[in-house]
Amino acid sequence: MASMAAAVLNKTPFLSQPLTKSPNLDLPIAAVSFPSTPRRRRGVVRAGLIAPDGGKLVELIVDEPRRREKKHEAATELPRVELTAIDMQWMHVLSEGWASPLGGFMRESEFLQTLHFNSLRLDDGSVVNMSVPIVLAIDDEQKASIGESKRVALVDSDGNPVAILTDIEIYKHPKEERIARTWGTTAPGLPYVEEAITNAGNWLIGGDLEVLEPVKYNDGLDRFRLSPAELRKELEKRGADAVFAFQLRNPVHNGHALLMTDTRRRLLEMGYNNPILLLHPLGGYTKADDVPLSWRMKQHEKVLEDGVLDPETTVVSIFPSPMHYAGPTEVQWHAKARINAGANFYIVGRDPAGMGHPVEKRDLYDADHGKKVLSMAPGLERLNILPFKVAAYDKTQGKMAFFDPSRPQDFLFISGTKMRTLAKNKENPPDGFMCPGGWQVLVDYYDSLTPAGNGRLPEVISA
């Protein structure tokens, strides 16, 4: 489902308001206020970046002086486990501290806490949010080859060692329970399940992770892949006294931009001097009908070039996590990871991390549950929530604007499905819906998929 808005804040309590229903359930933008909670207490505006979960970033990359020794050990002395592409993405996530304070692929106690509590209890008794399992599956043959070893080498698809897992624990992989508790259904057709779980091994291996060198993709986008530490450095360099993160896996249109710029306006009104937007597209696995990362990044660059968002107050970076499409469960992970990058405000909206039901003709999750769950989730008390109104295309102004229920006839809701169909057929949306440069990138992407002479494309199914 499309990413939308509602930002975060404990500074100003607010009364819960009735949800505004939209005439179209497949909206590219929709943000609604959600109920206040007793733990969102009035406080003073505090400058500076929020501390990482557990108090410090847990970075798992081997120091430069030790890499040669570790690579030799991994190449010559240890049993091997080959990583899939998604395993590599999770290794990347762990290595840079996005999942801090997690120190490696989950052992069984961490796995069970994540499944049953959406959180981890630390040694000091405090709780941090952790809603999706970050685990490594192995099969019977790999388990047998490991034997009694307490250390294994992790290798890429070419057999090159990329990490060492130490003090390992091997335990059963309860696939059905994992799927049911993460997605709330075991219906066939869940994209991540089919890609990464169904055919995975029946065992999980956890342990402390040592990544042999920083992960690089050499795809021309590595300059955008800033680690939490690098993001914190950049945000401090810019003098950010508040950071609001926007997670997305879709192109940015002017409705998104309206919501992001209005967030900054509200933060300035609250007393912050320099709120910075972290525009943070997801860069790991996505389902086949999502726009690929390389094209999304081209589109985001055009949004900045065309001045829709201010480059001086916007940091664009890639979040390396794979996408689960697990709705309210997954949105907690998205929010938690941004805390570790320094964000104390998180923009969330209608059906975050959601998708259509894989079997039935309906959404898999209630569109409002994601933002409601975020306001109550264990370990996310430090994340702040600011309500927003619905945004749509105002035909009287020729631009995206906040929906005015007193004149509904003046507003047009352009669904994600409609937007994709227009781009595929090389038709333009209404002026003011998306910057021209950004729209052209979308048209070029869909044109690259069209077989020669195929002509116009039919209406596509909803993503």
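The rules behind the values
Residues numbered from 1 in each chain as written. Predicted model: local features only at pLDDT ≥ 70, side-chain atom pairs only at ≥ 80, totals over all residues. Heavy atoms only, no water. Helix = DSSP H or I, 4+ residues; strand = E, 2+ residues; numbered from the N terminus. Buried < 20%, exposed > 50% of the residue type's maximum accessible area, 1.4 Å probe, protein only. Contact = heavy atoms within 4.5 Å. Pairing = 2+ DSSP bridges. Salt bridge = Lys/Arg side-chain N within 4 Å of Asp/Glu carboxyl O. Arc of directions from axis to C-beta. pLDDT = per-residue confidence, 0-100. Core = buried A, V, L, I, M, F, W, Y, C linked by side-chain atoms within 4.5 Å. Axes fitted to C-alpha atoms, helices over the stretch in contact; angles between N-to-C directions. Polar contact = N/O pair within 3.5 Å; in protein donor to acceptor, adjacent residues only side chain to side chain. Phe/Tyr/Trp six-rings, centres within 6.5 Å; stacked < 30°, edge-to-face > 60°. Lys NZ or Arg CZ within 6 Å of the ring centre and 35° of its normal.

Asks: Quick question: what am I supposed to make of the overall build of the protein here?
Replies: When its secondary structure is counted, the protein shows 13 helices and 16 strands. Taking all 463 residues of the protein together, 58% fall into the buried category. Within the protein, residue pairs in contact and separated by at least 24 positions form 77% of the contacts whose partners lie at least 6 positions apart.

Asks: Is there a simple way to explain helix 12 (residues 416-424) in this structure?
Replies: Structurally, the α-helix is built with 3.6 residues per turn, so residues lying three or four positions apart point the same way. Of all nine residues making up helix 12, seven are buried, and the element is well covered by its neighbours. Phi turns positive, to about 60°, at Lys426, one or two residues after helix 12.

Asks: Teacher, can you tell me more about the pairing of strand 15 (residues 399-402) here?
Replies: Looking down a regular strand, the side chains alternate between one sheet face and the other. Across four bridges, strand 14 (residues 391-394) lies against strand 15 in antiparallel orientation. Across the sheet, Ala391 pairs through a bridge with Phe402, a residue of strand 15.

Asks: Whenever I open this one, the pattern of salt bridges confuses me. Can you help?
Replies: Oppositely charged side chains can form a pair if their charged atoms are brought close together. Evaluated as defined, the whole model comprises 27 salt bridges. Taking the shortest distance from any N to any O, the salt bridge between Asp208 and Arg107 comes out at 3.3 Å. Taken together, the residues span a long stretch of sequence, with Asp208 in strand 8 (residues 203-211) and Arg107 in the loop between helix 2 (85-96) and helix 3 (108-117) at a distance of 101 residues. Between Asp290 and Lys287 there is a salt bridge, and its shortest N-O distance comes to 3.7 Å. Classification of Asp290 by relative accessible area gives buried; the value is 4%. Beyond isolated ion pairs, a larger network of salt bridges with shared partners links Arg249, Lys287, Asp289 and Asp290.

Asks: Is there a simple way to explain helix 5 (residues 175-183) in this structure?
Replies: Where helix 5 is concerned, the buried positions are Lys175, Arg178, Ile179, Thr182 and Trp183. End-on, the buried residues of helix 5 take up no more than an arc of 95°, which puts them together on one face. Downstream of helix 5 by one or two residues, Gly184 has phi in the positive range, about 75°.

Asks: I would appreciate a short explanation of the confidence of the model for the protein in the present structure.
Replies: Interpretation of the predicted coordinates at a detailed level should be avoided for regions scoring low in pLDDT. For the protein, per-residue confidence averages 88 on the pLDDT scale, and residues scoring 70 or more make up 86% of the total. In the model, residues 453-463 has pLDDT below 50 throughout and makes 23 contacts with residues more than four positions away in sequence or in other chains.

Asks: I tried to follow the nonpolar core on my own but got confused; where do I start?
Replies: Nonpolar side chains tend to gather and get buried jointly when the protein is soluble and globular. Counting 75 residues, the largest nonpolar core has Phe105, Leu154, Leu209 and Trp333 as the members making the most contacts within it. Ignoring sequence-local partners within four residues, the contact set of Leu154 consists of Val81, Leu83, Phe105, Leu136, Asn160, Pro161, Val162, Ala163 and Leu209. Judged by nonpolar contacts, the second largest core, of 23 residues, contains Leu267, Val303, Ile318 and Cys435.

Asks: Honestly, the sheet that holds strand 9 (residues 242-248) in this entry has me stumped. Any pointers?
Replies: Strands in a sheet are paired, the pairing made by backbone hydrogen bonds, and the direction either parallel or antiparallel. Spatial strand order, 11-10-9-12: four strands in an open sheet with parallel pairing. Taken across any chain shown, the strands that pair with only one partner, and hence form the sheet edges, are strand 11 (314-316) and strand 12 (345-347). The average angle at which neighbouring strand axes cross in this sheet is 25°, direction not considered. With three bridges joining them, strand 10 (residues 275-281) and strand 11 adopt parallel strand pairing. Following the sheet pairing, Leu279 is matched in strand 11 by Val316.

Asks: Help me understand the environment of Leu248 in this model?
Replies: As for its position among the elements, Leu248 is in strand 9. By relative accessible area, Leu248 is classed as buried at 1%.

Asks: Can you walk me through the environment of Arg362 in this structure?
Replies: Residue position: Arg362 is located in the loop between strand 12 and helix 11 (369-376). Those residues in contact with Arg362, other than ones at most four positions away along the chain, are Gly356 and His357. At 2.6 Å, the side chain of Arg362 and the side chain of Glu360 are in polar contact.

Asks: Would you mind showing me how to read the sheet that holds strand 16 (residues 411-412) here?
Replies: The three strands are arranged 15-14-16 in an open sheet whose pairing can be described as antiparallel. In this open sheet, the two strands that pair with only one neighbour each are strand 15 and strand 16. Contacting strand 14 and strand 15, helix 8 (residues 254-269) crosses the sheet at an angle of about 45° to strand 15.

Asks: Before we go on, may I ask you to explain the pairing of strand 8 in this structure?
Replies: Of all nine residues making up strand 8, seven are buried, and the element is well covered by its neighbours. Of the strand pairs in this sheet, strand 5 (residues 137-138) and strand 8 are connected by two bridges, and their pairing is antiparallel. Considered in strand 8, the bridge of Ile138 is made with Trp203. In the sheet, strand 7 (residues 161-172) pairs with strand 8 via eight bridges, with the strands oriented antiparallel. Across the sheet, residue Ile164 finds its bridge partner in strand 8, namely Glu210.

Asks: Please explain the packing of aromatic side chains as it appears in this structure.
Replies: For any pair of aromatic rings, the description consists of the separation of the ring centres together with the inter-plane angle of the planes. Tallied over the entire structure, the rule returns eleven aromatic pairs. Ring geometry for Trp98 against Phe319: centres 5.3 Å apart, planes inclined by 70°, an arrangement best described as edge-to-face. You can see Trp98 sitting in the loop between helix 2 and helix 3 and its partner Phe319 sitting in the loop between strand 11 and helix 10 (327-340), a full 221 residues away along the chain. Residue Trp98 is classed as buried on the basis of its relative accessible area of 0%. Through a chain of ring-to-ring contacts, the aromatic side chains of Trp90, Trp98, Phe319 and Trp333 assemble into a single cluster. The ring of Tyr217 has Arg225 sitting right over it, with the charged end atom 4.2 Å from the ring centre. The ring of Phe319 has Arg338 lying over it, and the distance from NZ or CZ to the ring centre is 3.9 Å.

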